[in-house]
Amino acid sequence: MTDTKGKRSQLKRPAAASRVIASALAIMAPAAVVAGVTAPLPASAQSYTTGALNGTLRNETGAAIAGVDVSVTSLSQGFTRTSHTDAGGAFRIGALPAGEYRVTFTLPEGGTLEETVKVQVGADTAYGFTAETIRKLDQVVVNGTASKELTFAQTTSGITVDVREALRTQPIGRSIEAVTLLAPTSVQADSNFSVGAPTRNTNVTIGGSSPAENAFYINGLNITNFDTYLGSATVPFDFFQSVDVKTGGYPAEYGRATGGVINAVTRSGTNEWEFGVSGDWTPDELRDTSPNTYRAFNELNERDASSMTFTAGGPIVKDRLFIFGLYEARDTRSLSPSISLGSAVLDESDDPFYGVKLDGYVTDAQHLEFTYFDSTREIDRTSLAFDPSTQVIGQPVGGTTLRDGGESWVGRYTGQFTDWMTLSAAYGVSKDRNHQEALDPDTPFVVETRFGTVARVGPQTTVSNDIGDTERKFYRFDADFSFDLLGTHQLRFGLDNEQTTLEHVSARTGTSDYRLFRVTDAVSADTYGVPIGSDLARVTTIRLGGKVEGENEAFYIQDSWDITDRLNLQLGLRNDRFKLDNLIGENVLDLKDNWGPRVGFNYDVDGSGETRFYGSYGRYFIPPASNLSFRGADLFVREYFDLVSFDAATGAVVLGDQRTNLNSNIVDDLGASACPNGAVGPAGSVACLVFGNGSQEPPISKTSRDLSATYEDEFVLGVDRILNDDWSVGARFSWRTLGDVSEDVAIDYAILKYCDRNGITGCGDIWFGDYQYTVLNPGRAIDVYTRDPLPGQTTRQLIHLTEADLAIPEAERDYVGLELSASRAFDGVWSLDSSYVWSSSLGNYEGTVLSDIGQDDAGSTILYDHPGLTDNQYGYLPNHRRHQLKVRGSYQVLDSLMVGANLTVVSPKKYGCLGVHPTDGASAAYGADSRFCQGVAVRRGTAFETDWLTNLDLAVRYDVPFKVPGKLTLRADIFNVLGLENVLTSNEAGDLPTGGVDPNYRQPLTYQSPRAIRLGFDWNF
């Protein structure tokens, strides 16, 4: 693993070198200003899939050596790129796939120097080369050294992980999120979120952002879940070659994220055929359990996971055409008994994953690549009877089929036409799904409340069939140019376009769900128009969603400008446009002219290349999630019937007459209109409650005029220092602050204020609850069209709502972080990477999702639905962690024995108290979602906190010494070695939804992952 700040590495010495001389550190930035016309440097083209190599050749006295021919040859695929050193001894070669290269310098007098170096994806990799020329008779001998140096061509922070090296030395989880958590400022997101099937990725938050603000890429293909922006497609770890985690300061070509950018590159075939078999097994017998909570009976949890991975790669045509393929057979089983539900959930899956990567070189400078992978998976979920008092798990009582994943592919072309121009183009399709389908979709979901308890009854355990399919089609073009003009420029510009399609439908199983209840008092008898003691059934019919299309497009320009040999400027500008349609294809959002400057500098403090002082400013925009248009044509109806009978064995409900004389007090602030079945109530009564009649809300009223997209500004200052051949240190200060935020807000109350101010009567007959939701920028006055004509009008009106009308505050989120790091490169014996982060995340708005209640409706959470819900929200946000310490390292005990460790220490999460709002009736209708408990205001993050998280993982790797074909390595990973049971999340609700005291306030909900042992092997030949 290599930090993107760079550090020295030990290099293989070429056979031609007769001795090693002391290295004179070179300037990593390209040449200084040169008078007259000089030969341009090669374009950098460090992008989603490639990197660049830059370096400076100097003699043993430190003087630059100009006019030297440079060739860079891939040790794995055989292609060669050429360049030459300029007047300052500098050279730069871009569009290089990650890997090892042989760099050959041919001096004018005829001698050659060779060194082996390693290039990382998505970065400029800098080396200083020192040469000494010795003439022996008629023979020229060149000796030299190379050392990894700080890079002065970028301001990006984060880490780059070589996946195979990480698996060889570190105890990490086999997922892209596990790698992301290694980066400073990244923490585990709240477990309240449920992102579908158990195979979905664990959520991570970066730099104080919410977990729905990251972007995930694989070989340049965006695999981020654009439905809610939580997580990404699930791809097996062994398919990756490297994972680049950008936590800040990224250039203009990267966008659509206000958190971090996680960029993965897959493995490729080489000139040598290689085959591999890997096995992993995490048995339940080698796993501890967490303590029970008031919801979950964790002591009876069972977890078994195993996988077998087969890989093959090599040349179809040597030096020209390569293939790499992977097939992973997976088998998982988990059992989770629930105290609150009175049932246990058994999840089982055995679907495989497979992927293939093709690389073709028409010439050494013309590269074609194609990647395909299929991540579809099906999980069989069985609900079993469970009695917490006896701890007995019984027979199946129902089931659900969960489906996720999909087929994805991307093709890319990269061509270097001259030393100063590189062009690239890509096109691809990413598919994913998130399905929850009942095994018996025609049987309704029934809740029984007649006998003093509230419990699900009958064979149906799935309340809704939820079908979500996403497809993203994209194309992009990039160009790189190098030229000299008042210094040296590496200019990169391009454009990209994404067409997104979400097909998401949620409908009740059996068409409707049933809640059986008994009328026990006079008020209820009057409400429903029946005698006391009557048994009724509330029948709820819900069908939500459909097809939603969107488009994200951007163009950018980025210049890396070396003004002098010590000062580099990063000048970039990006323009994003986000479009989103509604369920019938009408445009709802068209957010354009989102200009995001990216400005930075790098300064070589003393001219030695050992100390870098840098800084950056960037503005990052994030698109609206397609989930925002998932609602808008809802069919949502409640009806009440006499209950004739209910068969708990079959789930059959027999209904009598419909209660069409519902007293109007049942519909206060809820609304009613004609029943879909035509039932009509007598005067003063209603026959049913209609929350949505299935017709599409008009797009003209869905957004305020002059709506701005959500964005964040980031400011960074940092310093890096190379201490010696092994050690490097760094310090980085960052400040992230939210700008505009686009959120879905219920504005009925504001329209009523407008009507009162303008003397318009009758508005309360139309806007009396949550009838009109509008996407707006909180804290601003808005101009908006009414959803219906105002009383006395025949067309919708454009009205002006003041800040006082809306009465909601501006969204605030400020993250401040100080990061300290120290790294020691592996010297054949041991290595160490460490970081400490002090940070503060304060505000009244976590981000596009709401961890407080696990709401993943990105951009349309309940937070701004009514003014009362915003009360007391300012404080420490859910992803605030004051202290983070991360230390990982490895030690070569014997030639055949390696041990590794990973230590994480994170300070607690802070909580307030959630309850029922005492004065705002609309907010109180949401239940315990306001920041009041028993009527007393409790500010966010001021009531209590969870435990510190301390986690130590260990890895042992043993290379089998007896003779076998190829190389056989045995692996063992021990997670949470100390067996700690720290509380990670707790119940923040101090009130019950009905207003009573919640007895489980502050009680634990989740603990850190219990101790577990993973066994495995790698056999490569």
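Residues numbered from 1 in each chain as written. Predicted model: local features only at pLDDT ≥ 70, side-chain atom pairs only at ≥ 80, totals over all residues. Heavy atoms only, no water.

Thoughts on the overall build of the protein chain
Reasoning step 1: Check the secondary structure of the protein chain and you find six helices and 59 strands.
Reasoning step 2: For the protein chain, whose C-alpha radius of gyration is 31 Å, the value lies close to the compact-globule estimate of 31 Å for 1021 residues.
Reasoning step 3: Expressed along its principal axes, the backbone C-alpha trace of the protein chain runs to roughly 115 × 70 × 50 Å.
Reasoning step 4: Of the contacts formed within the protein chain by residues at least 6 apart in sequence, a portion of 71% connects residues at least 24 apart.
Reasoning step 5: A total of about 37800 Å² of accessible surface is found on the protein chain, and carbon and sulfur atoms cover 55% of it.
Reasoning step 6: Seen as two clouds, the 86 positive and the 130 negative side-chain charges of the protein chain have centres 4 Å apart. (Helix = DSSP H or I, 4+ residues; strand = E, 2+ residues; numbered from the N terminus. Rg over C-alpha atoms; globule rule 2.2 N^0.38 Å. Contact = heavy atoms within 4.5 Å. Areas by Shrake-Rupley, 256 points an atom, 1.4 Å probe, with all protein chains shown as cover. Lys, Arg positive; Asp, Glu negative; His and termini not counted. Charge placed at Lys NZ, Arg CZ, Asp CG, Glu CD.)

So, a negative patch on the surface
Reasoning step 1: Residues Asp331, Glu348, Asp350 and Asp380 make up a contiguous surface patch of negative charge.
Reasoning step 2: Mapped onto the elements, Asp331 comes out in strand S19 (residues 321–338).
Reasoning step 3: You can call Asp331 partly exposed: its relative accessible area is 42%. (Patch = residues over 30% accessible without salt bridge, like charges linked within 9 Å, V, L, I, M, F, W, Y side chains within 5 Å. Salt bridge = Lys/Arg side-chain N within 4 Å of Asp/Glu carboxyl O. Buried < 20%, exposed > 50% of the residue type's maximum accessible area, 1.4 Å probe, protein only.)

Brief notes about the environment of Ser343
Reasoning step 1: Structurally, Ser343 can be placed in strand S20 (residues 343–349).
Reasoning step 2: Ser343 sits in the buried class, given a relative accessible area of 11%.
Reasoning step 3: Spatially, the C-alpha atoms of Ser343 and Cys755 are 51 Å apart, while their sequence positions differ by 412 residues.
Reasoning step 4: Not counting residues up to four positions away in its chain, the partners in contact with Ser343 are Ser336, Pro337, Ser338, Leu384 and Phe386.

Remarks on helix H4 (residues 748–757)
Residue pairs spaced three or four apart in an α-helix point in one direction, given the helix's 3.6 residues per turn.
Reasoning step 1: Asp748, Tyr749, Ala750, Ile751, Tyr754 and Cys755 are the residues of H4 that are buried.
Reasoning step 2: Lining the buried residues of H4 we find strand S42 (743–746), strand S45 (798–801) and helix H5 (803–806).
Reasoning step 3: A positive phi of about 70 degrees marks Gly759, the residue just after H4.

Quick look at the pairing of strand S43 (residues 773–776)
Reasoning step 1: Burial of S43 is two-sided: the residues Tyr773 and Val775 facing one way and the residues Thr774 and Leu776 facing the other way are all buried.
Reasoning step 2: Across four bridges, S42 lies against S43 in antiparallel orientation. Along S43, the bridge assignment pairs Asp744 with Val775. (Pairing = 2+ DSSP bridges.)

A few points about unusual backbone geometry
Reasoning step 1: One non-glycine residue, Arg256, lies in the positive phi region at around 60 degrees.
Reasoning step 2: Along the polypeptide, Arg256 turns up in the loop between strand S15 (240–248) and strand S16 (261–266).
Reasoning step 3: You can call Arg256 buried: its relative accessible area is 3%.
Reasoning step 4: Even without being glycine, Gln391 reaches a positive phi, approximately 60 degrees.
Reasoning step 5: Residue classification places Gln391 among the partly exposed positions, given a relative accessible area of 43%.

Things to note about the confidence of the model for the protein chain
Reasoning step 1: Averaged over all residues, the pLDDT of the protein chain is 89; the fraction at 70 or higher stands at 92%.
Reasoning step 2: Low pLDDT, under 50, characterises residues 1–45; the predicted model gives this stretch 176 contacts beyond four residues in sequence or across chains.
Reasoning step 3: pLDDT under 50 marks residues 195–201. Its contacts with residues more than four places away, or in other chains, come to 28 contacts. (pLDDT = per-residue confidence, 0-100.)

Considerations on the state of the cysteines
Reasoning step 1: Tallied over the entire structure, the rule returns two disulfides.
Reasoning step 2: Cys755 shares a disulfide with Cys763; S-S distance 2.1 Å. Taking the sign of the S-S torsion, about -80 degrees here, the bridge from Cys755 to Cys763 comes out left-handed.
Reasoning step 3: Cys763 sits in the buried class, given a relative accessible area of 2%.
Reasoning step 4: A sulfur-sulfur separation of 1.8 Å characterises the disulfide bridge that pairs Cys913 with Cys933. Disulfide Cys913-Cys933: torsion about the S-S bond near -100 degrees, hence left-handed. Here Cys913 is found in the loop between strand S51 (910–911) and helix H6 (921–924), whereas its partner Cys933 is found in strand S52 (residues 932–933), with 20 residues between them in sequence.
Reasoning step 5: Cys933 sits in the buried class, given a relative accessible area of 11%. (Disulfide = S-S within 2.5 Å.)

Examining the pattern of salt bridges
Reasoning step 1: In total, this model carries 61 salt bridges according to the counting rule given.
Reasoning step 2: Between Lys118 and Asp162 there is a salt bridge, with its nearest N and O atoms 3.0 Å apart. Residue Lys118 is found in strand S7 (residues 112–119), and its partner Asp162 is found in strand S10 (residues 157–162); the two are separated by 44 residues along the sequence.
Reasoning step 3: Its relative accessible area of 38% is what places Lys118 among the partly exposed residues.

Here we look at a nonpolar patch on the surface
Reasoning step 1: Where nonpolar side chains cluster on the molecular surface, the patch consists of Tyr603, Val605, Phe613, Phe715, Leu717, Val719, Phe733, Trp735, Leu818, Leu820 and Trp838 and spans about 890 Å² of accessible area.
Reasoning step 2: The set of elements that each furnish at least two residues to the nonpolar patch consists of strand S40 (711–722), strand S41 (727–738) and strand S46 (813–824).
Reasoning step 3: What makes Val605 partly exposed here is its relative accessible area of 38%.

Quick look at the side chain of Ser338
Reasoning step 1: Structurally, the position occupied by Ser338 is in strand S19.
Reasoning step 2: Polar contacts involving the side chain of Ser338 include one to the side chain of Ser340, which spans 3.3 Å.
Reasoning step 3: Apart from residues lying up to four places away in sequence, Ser338 is in contact with Arg295, Ala296, Ser343, Ala344 and Phe386. (Polar contact = N/O pair within 3.5 Å; in protein donor to acceptor, adjacent residues only side chain to side chain.)

Notes on the side chain of Ser506
Reasoning step 1: Within the fold, Ser506 resides in strand S30 (residues 488–518).
Reasoning step 2: With a relative accessible area of 11%, Ser506 lands in the buried category.
Reasoning step 3: Within polar-contact distance, the side chain of Ser506 engages the side chain of Asp466 at 3.2 Å.
Reasoning step 4: Setting aside residues no more than four positions away along its own chain, Ser506 makes contact with Ser464, Asn465, Asp466, Ile542, Arg543, Leu544 and Phe630.

Looking at the packing of aromatic side chains
Reasoning step 1: Applying the stated criterion across every chain yields a total of 37 aromatic pairs.
Reasoning step 2: A centroid spacing of 5.7 Å and a plane angle of 75 degrees characterise the contact between Phe91 and Phe105, whose relative ring orientation is edge-to-face. With Phe91 in strand S5 (residues 90–97) and Phe105 in strand S6 (residues 99–106), this pair connects stretches of sequence that are 14 residues apart.
Reasoning step 3: When its relative accessible area of 1% is taken as the criterion, Phe91 is described as buried.
Reasoning step 4: Judged by its relative accessible area of 0%, Phe105 is buried.
Reasoning step 5: Among the aromatic side chains, those forming a connected cluster through ring pairs are Phe79, Tyr101, Phe322 and Tyr361.
Reasoning step 6: Sitting over the ring of Tyr614, Arg612 keeps its end group 4.0 Å from the ring centre.
Reasoning step 7: For Lys910, the ring lying beneath its charged end belongs to Tyr876, and the centroid distance is 5.7 Å. (Phe/Tyr/Trp six-rings, centres within 6.5 Å; stacked < 30°, edge-to-face > 60°. Lys NZ or Arg CZ within 6 Å of the ring centre and 35° of its normal.)

Comments concerning the sheet that holds S5
Reasoning step 1: Pairing is mixed in the open sheet, where four strands are placed in the order S5-S2-S8-S9. For this open sheet the edge positions go to S5 and strand S9 (139–149), each flanked by a neighbour on one side alone. The sheet shows a mean angle of 25 degrees between the axes of neighbouring strands, taken without regard to direction.
Reasoning step 2: One ladder, built from eight bridges, connects strand S2 (residues 50–59) with strand S8 (residues 124–136); its direction is parallel. Within S8, the residue paired with Arg58 across the bridge is Thr130. (Axes fitted to C-alpha atoms, helices over the stretch in contact; angles between N-to-C directions.)

Looking at the sheet that holds strand S4 (residues 80–84)
Reasoning step 1: Spatial strand order, S4-S3-S6-S7: four strands in an open sheet with antiparallel pairing. Here the strands that pair on one side only, and so sit at the sheet edges, are S4 and S7. Strand-to-strand twist across the sheet, computed as the mean angle between neighbouring axes with direction ignored, equals 20 degrees.
Reasoning step 2: As judged from the five bridges shared by strand S3 (residues 69–74) and S4, these two strands associate in the antiparallel manner. Each residue of the ladder has a partner; that of Val72, found in S4, is Arg81.

Structural notes on the nonpolar core
Reasoning step 1: Residues Ile218, Phe239, Phe240, Val243 and Phe373 are the most contacted members of the largest nonpolar core, which totals 32 residues.
Reasoning step 2: Contributions of two or more residues to this core are made by S10, helix H1 (163–169), helix H2 (176–180), strand S12 (204–206), strand S13 (215–218), S15, S16 and S19.
Reasoning step 3: Leaving out residues up to four positions away in the same chain, Val243 has contacts with Ile159, Thr160, Val161, Val163, Ile176, Val179, Ile262, Asn263 and Ala264.
Reasoning step 4: Counting 25 residues, the second-largest nonpolar core is a separate cluster that includes Leu53, Val70, Leu107 and Ala131. (Core = buried A, V, L, I, M, F, W, Y, C linked by side-chain atoms within 4.5 Å.)

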